[in-house]
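# Structural features, examined
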Amino acid sequence: MSTAELPNVQKHTRLEDIQAMVIGTLIIALGVNLFTQAGLLTGGSAGLAFLIQYSTALTFGQAFFLINLPFYLLAIWHFGWGFTLKTFFAVFCVSAFSDITPMLVSFEAVDAVYASMTGGFLMGVGFLMLFRHNASLGGVNILARYLAEKYGISMGKFQMVIDCIIVMMSIFVVDYRLIIISFIGAIALNMIIAVNHKPGRYMGNV
């Protein structure tokens, strides 16, 4: 099918954006709680939030919200207020849902490998929903999207490298066996993004 034959791309409505961001962040929050229950880590700003959660009195949601504040400057400069406001809303939802979910769902026992794979897949799907509605969860996601659009660098591959570096840095906080298992989650999360998110293939509301 030639470019001329492609149908006109319709922008997402505001209701569709809100629906996708709420559902996407709920899915991510469930993945976060699987990781927390097993004592696992991931990369990016979420990985830093896990480290803070495990070593301080702050919850994941509180740490995640605070870590993302500086990255909004890059978002405003390169992506505009629309993207930035959506990202702020998504970060707020993940922060809130991550702290609310344990009040509604409890895991008495969860296998670390299962939590790593399933939690990684859940977070990857949630990220993908946000990307497709012109939003993200800030932090490394904003930087990864900037590099993808500016220089054509794969978002999934870039984030996979950053995530693995952060997981390796966590050796002073988390048992090394859980760090090894956490690599599975980082790969699972970014595999979803690398396979399903290609610049130009699908991007709603842009």
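Residues numbered from 1 in each chain as written. Predicted model: local features only at pLDDT ≥ 70, side-chain atom pairs only at ≥ 80, totals over all residues. Heavy atoms only, no water.

Inspection of the secondary structure puts Leu34 in helix α1 (residues 14–38). Taking the C-alpha atoms as reference, Leu34 lies 9.8 Å from Met117; in sequence the two are 83 residues apart. Look past the residues within four positions of Leu34 in its chain and what remains in contact with it is Phe107, Val110, Ala115, Thr118, Gly119 and Leu122. (Helix = DSSP H or I, 4+ residues; strand = E, 2+ residues; numbered from the N terminus. Contact = heavy atoms within 4.5 Å.)

Take the packing of aromatic side chains next. Following the criterion strictly, the structure yields nine aromatic pairs and no others. Considering the side-chain rings of Phe79 and Phe83, the 4.6 Å spacing of their centres and the 50 degrees angle between planes classify their relative orientation as tilted. Within this pair, Phe79 and its partner Phe83 are both found in helix α4 (residues 72–104), separated by four residues, close to a single helical turn. Looking at Phe83, the relative accessible area reads 1%, which means it is buried. Judged by centre distance (6.4 Å) and plane angle (15 degrees), the ring pair of Phe127 and Phe131 falls under stacked. Here the residue Phe127 and the residue Phe131 both occupy positions in helix α5 (residues 112–131), the gap between them amounting to four residues, near one helical turn. Each residue in the set Phe35, Phe50, Tyr54, Phe60 and Phe64 is aromatic and connected to the rest through ring pairs, giving one cluster. (Phe/Tyr/Trp six-rings, centres within 6.5 Å; stacked < 30°, edge-to-face > 60°. Buried < 20%, exposed > 50% of the residue type's maximum accessible area, 1.4 Å probe, protein only.)

Here the focus is the nonpolar core. Ranked by size, the top nonpolar core spans 36 residues in total, and within it Ile28, Phe60, Phe64, Met123, Phe127, Leu130 and Leu137 carry the most contacts. Elements represented by at least two residues in this core include exactly α1, α2 (44–55), α3 (60–68), α4, α5, α7 (155–169) and α8 (176–196). Excluding its chain neighbours within four sequence positions, the residues that come into contact with Met123 are Ile28, Gly31, Val32, Phe35 and Leu189. Core analysis: the next-biggest nonpolar cluster, separate from the first, contains nine residues, Phe79, Phe83, Val140 and Ile142 among them. (Core = buried A, V, L, I, M, F, W, Y, C linked by side-chain atoms within 4.5 Å.)

Next up on the list: the pattern of salt bridges. Summed over the entire model, instances satisfying the criterion amount to two salt bridges. Salt-bridge contacts for Asp17 lead to Lys86; the nearest nitrogen and oxygen are separated by 3.0 Å. In this pair, Asp17 sits in helix α1 while Lys86 sits in helix α4, placing the two residues 69 residues apart along the sequence. Accessibility classification places Asp17 together with Lys86 in one group, the buried group. (Salt bridge = Lys/Arg side-chain N within 4 Å of Asp/Glu carboxyl O.)

On to a nonpolar patch on the surface. Nonpolar side chains collect at one region of the surface, where Leu58, Leu66, Leu69, Phe88 and Phe92 lie side by side and expose about 440 Å² of accessible area between them. Tracing the chain through its elements places Leu58 in the loop between α2 and α3. Leu58 gets classed as partly exposed once you look at its relative accessible area, which sits at 33%. (Patch = residues over 30% accessible without salt bridge, like charges linked within 9 Å, V, L, I, M, F, W, Y side chains within 5 Å. Areas by Shrake-Rupley, 256 points an atom, 1.4 Å probe, with all protein chains shown as cover.)

Once that is clear, we can look at the packing of α3 against α4. Interhelical geometry of α3 versus α4 gives an angle of 175 degrees and a closest axis separation of 9 Å. With respect to α4, the element α3 is oriented roughly antiparallel. In this structure, α3 contributes Phe60, Gly61, Gln62, Phe64, Phe65 and Asn68 to the contact, and α4 contributes Tyr72, Phe88, Val91, Phe92, Val94, Ser95, Ser98 and Asp99. Tallied by class, residues from the contact of α3 with α4 come to eight nonpolar, five polar and one charged. (Axes fitted to C-alpha atoms, helices over the stretch in contact; angles between N-to-C directions. Parallel < 35°, antiparallel > 145°, perpendicular 65-115°, else oblique. Nonpolar A, V, L, I, M, F, W, Y, C, P; charged D, E, K, R; others polar.)

Our next topic: α4. The terminal C-alpha atoms of α4 lie 31 Å apart, and with 33 residues this falls more than 12% below the ideal 48 Å at 1.5 Å per residue. Along α4, the helix axis deviates most sharply at Phe79, where the bend reaches about 135 degrees. (Expected span 1.5 Å × (residues − 1). Bend = angle between axes of the 7 residues up to and from the residue.)

Before going further, it helps to examine the packing of helix α6 (residues 140–151) against α7. Direction vectors running N to C along α6 and α7 enclose 140 degrees, while the axes themselves pass 9 Å from each other. On the basis of the axis angle, α6 is oblique to α7. The element α6 and its partner α7 pack so that their crossing is right-handed. Across the interface between the two elements, Val140, Asn141, Leu143, Ala144, Arg145, Leu147 and Ala148 from α6 touch Met155, Phe158, Gln159 and Ile162 from α7. (Left-handed = near helix turned anticlockwise from the far one by under 90°.)

Remember that the coordinates give geometry; whether it matters functionally is a separate question.
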